[in-house]
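Listed here are the chains, written in short residue letters.
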Amino acid sequence: MTANRRIFYSKWLPQLSSQHVPPSTSIHRAATQRYKHHILWVDDMIPEPDGDSGSVRMYHLWHVLLSEGFHITFFPNMFRYMHYALMARTHGVHIVLNRTSLVQR
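Caption draft 1: Highlighting the packing of helix H3 (residues 53-67) against helix H4 (residues 82-91). Closest axis-to-axis distance for the H3/H4 pair is 10 Å, and the angle between their directions is 25°. With respect to H4, the element H3 is oriented roughly parallel. Viewed along their axes, H3 and H4 form a crossing whose handedness is right-handed. In this structure, H3 uses Tyr 59, Trp 62 and Leu 66 to contact H4, whose residues at the interface are Tyr 84, Met 87, Ala 88 and His 91. Residue composition of the contact of H3 with H4, by class: six nonpolar, one polar and no charged.

Put into structure tokens, the structure is as follows:
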């Protein structure tokens, strides 16, 4: 078992060191290391693309930025409907929610 581990390590050392982070690295940093740039996007609400044209434009901007290799962290002040947050997450936008951002209806 130890011999196989040494062989594996010596064979794959360049890939392991360039593509993987050390075990002590935070989970968020490890998950976002492949992105060349990070954007913190702060807005009042999560966009609702079926409600207004500005939200549609924001989704298109997110799509362009994500396709160019950016990592987007979106921090809304509040939101009304969880399915919009889930829709943004499925597109690749990291949504940061806090308890004060929830609006009860």
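On we go.
Caption draft 2: How the structure looks around H3. Over its 15 residues, H3 runs 21 Å from end to end, which matches the ideal 21 Å to within 8%, given 1.5 Å per residue. Three or more residues of H3 are buried, namely Ser 55, Met 58, Tyr 59, Trp 62 and Leu 65. All buried residues of H3 lie within an arc of 130° about the axis, which places them on one face of the element. Exposed and oriented more than 90 degrees from the buried face of H3 are Arg 57, His 60, His 63 and Ser 67. In this fold, the buried residues of H3 make contact with strand S1 (37-45), strand S2 (70-78) and H4. Where H3 begins, the capping side chain belongs to Asp 52, and its oxygen is found 3.2 Å from the backbone nitrogen of Gly 54.

Caption draft 3: Region of the structure containing the side chain of Ser 55. Here Ser 55 is to be found in helix H3. Apart from the residues lying within four places of it in its own chain, the contact partners of Ser 55 are Pro 47, Glu 48 and Pro 49.

Caption draft 4: A look at the confidence of the model for the protein. Chain-level pLDDT for the protein is 80 on average; 78% of the residues reach the 70-or-more range. Model confidence for the protein, summarised as mean pLDDT per element, is weakest for helix H2 (residues 27-32) at 66 and strongest for H3 at 91. The low-confidence segment residues 101-105, where pLDDT is below 50, has ten contacts with residues more than four positions distant or belonging to other chains.

Rules of the game
Chains are numbered independently. Their residues run from 1 in the order of the written sequence. At least 70 in pLDDT is required for a residue's local features to be given in this predicted model, at least 80 for side-chain atom pairs to be given and counted, and no such filter applies to totals for whole chains, interfaces and linings, which use all residues. With hydrogens and water excluded, all non-hydrogen atoms of the structure serve as input to the side-chain values. Note on geometry: axes are C-alpha line fits, over the in-contact stretch for helices, and angles between N-to-C directions span 0 to 180 degrees. Only DSSP runs of H or I with at least four residues qualify as helices, and only runs of E with at least two residues qualify as strands; both kinds are numbered from the N terminus onward. We call two directions roughly parallel when the angle between them is under 35 degrees, roughly antiparallel when it is over 145, roughly perpendicular when it lies between 65 and 115, and oblique otherwise. In this scheme the handedness of a crossing depends on how the near helix is turned from the far one: anticlockwise by less than a right angle means left-handed, clockwise means right-handed. Residue contacts are defined here by distance: any two heavy atoms, one from each residue, within 4.5 Å place the two residues in contact. Amino acid classes used here: Ala, Val, Leu, Ile, Met, Phe, Trp, Tyr, Cys and Pro are nonpolar; Asp, Glu, Lys and Arg are charged; the rest, including Gly, are polar. Expected span of a helix, by definition, is 1.5 Å for each gap between consecutive residues, and there is one gap fewer than residues. Each residue's exposure class comes from its accessible area (1.4 Å probe, protein chains only) as a fraction of the maximum for that residue type: buried when under 20%, exposed when over 50%, partly exposed otherwise. The directions from the helix axis to the C-beta atoms are what the arc is built from. Any N or O atom pair separated by 3.5 Å or less is treated as a polar contact, with the protein-specific requirement of one donor-capable and one acceptor-capable atom, and with residues adjacent in sequence counted only for side-chain atom pairs. Every residue carries a pLDDT, the predictor's confidence in it, which falls somewhere between 0 and 100.

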